[in-house]
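So you can see what is in the structure, the chains are spelled out below.
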Amino acid sequence: MDSPESEAVSVPRYDKQKYHRHLRGWFSYAFASEVFVIVSLTLFLPICLEQFARDNGYLLPDKTQPCVPPPTSPASSPTDEDARCVVKLGWLWIDSASFSLYVYSTSVALQALTVISMGGIADHPPHRKKLLLAFAALGSISAILFLLVPSSSRAWPLVAPLAICANVGFGASMVALNAYIPTLAQGAQEVIEARAHFVRLTHGAGVPDPEPRHSGDDAHEPLLAHAPEDGAHEEARAAKAEHASVLSRTTSRISSQGIALGYAAGIVMLLLAFIPVRAMKGSTDSLRLAIGLSGIWWALFSLPAAAWLPGASAVTPTVRVAEEDGEVRPQDMVDKEKWSMTREIGRAWKRLGQMLRWREIKKLRNTFVYLAAWFLLSDGFTTITSTALLFGKTTLHMPPSSLILIGALTPTAGILGSLVWPMVQRRAGWSNLRVLVVLVAMASAIPAYGCLGFLPVFQRGSVKFGGLTTPGEMYVLAVYFGAIYGAFQGYARAFYAEFIPPGEEARWYALFSITDKSSSFVGPLVVGLIADTTGNIRYAFFFLVCMIWAAVPILMAVDVERGRDDAQRYMAHARL
């Protein structure tokens with residue numbers, strides 16, 4: 001029979017069959033859902049929404065000539081092509097490009113409210129998987145319903161709530177999916193072996209613990225126990241560092257492989273969607289078909305995730321506690337209560353308020369510093385994507401087939417970037433933080449390049465290439481941005497996992513998503529206002545350059561090692 005001490009420091013056994021089944025389930029949902037992002041959210045959905053508004057809009061200044069003339073009318077003149085198109089919604093006239101941005105801003109605002117409410121529920125193992133599948137159903141069905149709403153219908157404004165529901169469903173399901181990452185990384189064979197080696201050195205060899213323990217506290221020891229300081233063996237300290245390094249690499253590997261697999265699925269779906277879009281000459285109906293097909297893909301390939309992802313009792317986080325009215329209680333006590341969704345939603349909002357208290361922020365300073373940087377970066381990267389596509393369509397007058405090609409080039413380069421950057425990191429000996437800083441600096445060159453289009457040399461047309469004034473430049477920038485964005489997504493998500501208090505993965509990934517979506521609410525809104533005010537979406541590139549560079553000093557202020565230790569102490573101290 002094991003002694004209490006041995007139970008306190010026990011390491012979970014590696015079950016290869018179970019672990020690989022759970023990992024396949026996680027990858028299968030990444031394969032299913034990322035298609036919606038690549039095919040719809042970043043490509044066809046903003047174009048389709050703009051086209052819906054254009055099909056029902058009128059040209060300025062008189063607002064009597066339709067933006068899209070009837071088939072029997074003569075072709076529009078170049079002057080008509082350059083005129084601004086506005087559509088009337090209620091009593092407001094808005095730019096057709098701004099309609100897409102306003103819908104997206106509304107969707108991310110509602111998405112933020114949703115992920116706040118579901119954070120505590122997703123941290124409860126019996127409900128995490130159910131939440132993921134429920135929101136997957138909401139998002140995929142909303143995308144499929146685009147097939148039933150033609151732009152000629154008087155009910156065409158319904159595409160706005162459908163787009164909102166699809167985006168909310170995707171974002172909420174990804175919070176639940178991301179909550180599995182720390183558990184999957186901790187269950188990997190190499191991490192368990194490194195953990196076991198550290199445990200043997202610190203406990204088996206009688207190495208003293210630097211902090212006194214309270215009775216019964218060892219049963220919930222953090223995954224990264226604090227290595228002893230005074231009189232500790234160098235080997236034990238090296239084992240702790242090695243375990244942290246292995247855990248970090250494993251987390252980044254799982255995250256990056258999920259991104260690469262999702263991008264591969266998106267490319268396949270783009271190629272399939274290209275056939276009807278090309279055959280139907282980029283009509284609104286062809287764009288609706290592409291969005292509907294992405295919803296069908298999302299729904300079908302979510303079925304393996306439903307079968308393989310861990311459910312009610314398969315995932316047991318390292319530490320599980322609940323806090324209500326300032327009282328921290330073991331999760332097993334909470335589980336014995338009658339579970340109520342209404343109560344859990346109320347607790348989630350209360351817990352968010354507690355997490356954002358200054359006292360709690362000081363305990364997890366580096367976690368919140370990174371979230372501050374993420375607030376700006378996520379908005380910058382997301383808005384670059386949507387702004388570039390609308391810029392290509394409305395300013396460079398690129399046809400939908402060309403935008404599809406750009407949409408395929410970006411994730412293709414993203415696969416390459418997500419696989420190559422880890423190799424560059426190992427060869428150069430860079431930390432995850434340094435890789436992120438380099439990626440951010442490289443990404444800022446894209447909107448800066450677009451700002452060059454205001455120079456007289458490009459305005460007068462004396463130079464026929466440069467400053468993002470020709471469609472050909474969009475293809476080059478699509479490859480460049482994809483190679484950066486694919487790696488950035490993987491590193492940003494995995495880097496944050498190192499600062500999460502164990503046992504509250506979904507709650508903190510919900511805050512991660514809230515930070516993302518709250519900022520993404522600002523970016524498209526500002527770009528939409530810029531487009532409405534100036535009539536030239538190119539001015540938005542100045543805003544994007546400032547936003548991205550503002551995040552760099554904040555990002556460089558993150559102390560990785562201390563942030564990791566603070567996250568472990570946060571939950572350990574909560575139980576005292």
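Residues numbered from 1 in each chain as written. Predicted model: local features only at pLDDT ≥ 70, side-chain atom pairs only at ≥ 80, totals over all residues. Heavy atoms only, no water.

What follows is about the packing of aromatic side chains. What characterises a pair of aromatic rings is the spacing of the ring centres plus the angle enclosed by the ring planes. Per the counting criterion, the structure on display carries 27 aromatic pairs. Pairing Phe381 with Tyr485 gives two aromatic rings, centres 5.6 Å apart and planes at 15°, and the pair type is stacked. Of this pair, Phe381 sits in helix H15 (residues 365–394) while Tyr485 sits in helix H20 (residues 471–497), and the two are 104 residues apart along the sequence. Residue Tyr485 is classed as buried on the basis of its relative accessible area of 15%. (Phe/Tyr/Trp six-rings, centres within 6.5 Å; stacked < 30°, edge-to-face > 60°. Helix = DSSP H or I, 4+ residues; strand = E, 2+ residues; numbered from the N terminus. Buried < 20%, exposed > 50% of the residue type's maximum accessible area, 1.4 Å probe, protein only.)

What follows deals with the packing of helix H2 (residues 16–55) against helix H16 (residues 400–428). Interaxial distance between H2 and H16 falls to 10 Å at its minimum, and their mutual angle equals 155°. Put simply, H2 runs roughly antiparallel to H16. You can see that H2 and H16 cross each other, and the crossing is right-handed. For the pair formed by H2 and H16, the contact residues are Ile38, Leu43, Phe44 and Ile47 on the first element and Leu403, Ile404, Gly407 and Pro411 on the second. Grouping the amino acids of the contact of H2 with H16 by side-chain chemistry returns seven nonpolar, one polar and no charged. (Axes fitted to C-alpha atoms, helices over the stretch in contact; angles between N-to-C directions. Parallel < 35°, antiparallel > 145°, perpendicular 65-115°, else oblique. Left-handed = near helix turned anticlockwise from the far one by under 90°. Contact = heavy atoms within 4.5 Å. Nonpolar A, V, L, I, M, F, W, Y, C, P; charged D, E, K, R; others polar.)

Here we come to the side chain of Asn366. With respect to the helices and strands, Asn366 occurs in helix H15. With sequence-adjacent residues up to four places away left out, Asn366 is seen in contact with Ala557, Val558, Asp559, Arg562, Gly563 and Asp566.

Across the sheet, three strands lie side by side as E1-E2-E3; this open sheet has antiparallel pairing. With partners counted over all chains shown, the strands left at the sheet margins are strand E1 (58–59) and strand E3 (92–95), one partner each. Pairing of E1 with strand E2 (residues 85–89), which is carried by two bridges, proceeds in the antiparallel orientation. Within E2, the position partnered with Tyr58 by the bridge is Val86. (Pairing = 2+ DSSP bridges.)

This next bit is on a nonpolar patch on the surface. Taken together, the side chains of Ile141, Leu145, Leu147, Leu148, Ile296, Leu300, Phe301 and Leu303 define a hydrophobic patch exposed on the protein surface, amounting to about 720 Å² of accessible area. On the basis of relative accessibility, which here comes to 57%, the residue Leu303 falls in the exposed class. (Patch = residues over 30% accessible without salt bridge, like charges linked within 9 Å, V, L, I, M, F, W, Y side chains within 5 Å. Areas by Shrake-Rupley, 256 points an atom, 1.4 Å probe, with all protein chains shown as cover. Salt bridge = Lys/Arg side-chain N within 4 Å of Asp/Glu carboxyl O.)

Below, the discussion takes up the nonpolar core. Among the nonpolar cores identified, the biggest contains 153 residues, and Phe44, Tyr370 and Phe488 are the most heavily contacted of them. Looking at this core element by element, the count peaks at 20 residues for H2. When sequence neighbours within four positions are dropped, the list of residues in contact with Tyr370 reads Leu436, Ala492, Phe495, Tyr496, Phe499, Phe512, Leu555 and Val558. (Core = buried A, V, L, I, M, F, W, Y, C linked by side-chain atoms within 4.5 Å.)

Enumeration over the complete set of coordinates arrives at one disulfide. The disulfide bridge from Cys67 ends at Cys85, spanning 2.0 Å between sulfur atoms. One disulfide, between Cys67 and Cys85, carries an S-S torsion of 105° and so falls in the right-handed class. One end of the pair, Cys67, is in the loop between E1 and helix H3 (78–82); the other, Cys85, is in strand E2, and 18 residues separate them in sequence. What makes Cys85 buried here is its relative accessible area of 2%. Cys546 supplies the cysteine sulfur nearest to Cys451, a cysteine that is in no disulfide, at a spacing of 8.3 Å. (Disulfide = S-S within 2.5 Å.)

At His397, a residue that is not glycine, the phi angle is positive and equals roughly 55°. With respect to the helices and strands, His397 occurs in the loop between H15 and H16.

The predicted model of the protein chain averages 79 in pLDDT, with 82% of residues at 70 or higher. Of the regions scoring below 50 in pLDDT, residues 1–8 engages in five contacts with residues more than four places distant in sequence or in other chains. A low-confidence stretch, residues 315–336 (pLDDT under 50), is modelled with 49 contacts involving residues beyond four sequence positions or located in other chains. (pLDDT = per-residue confidence, 0-100.)

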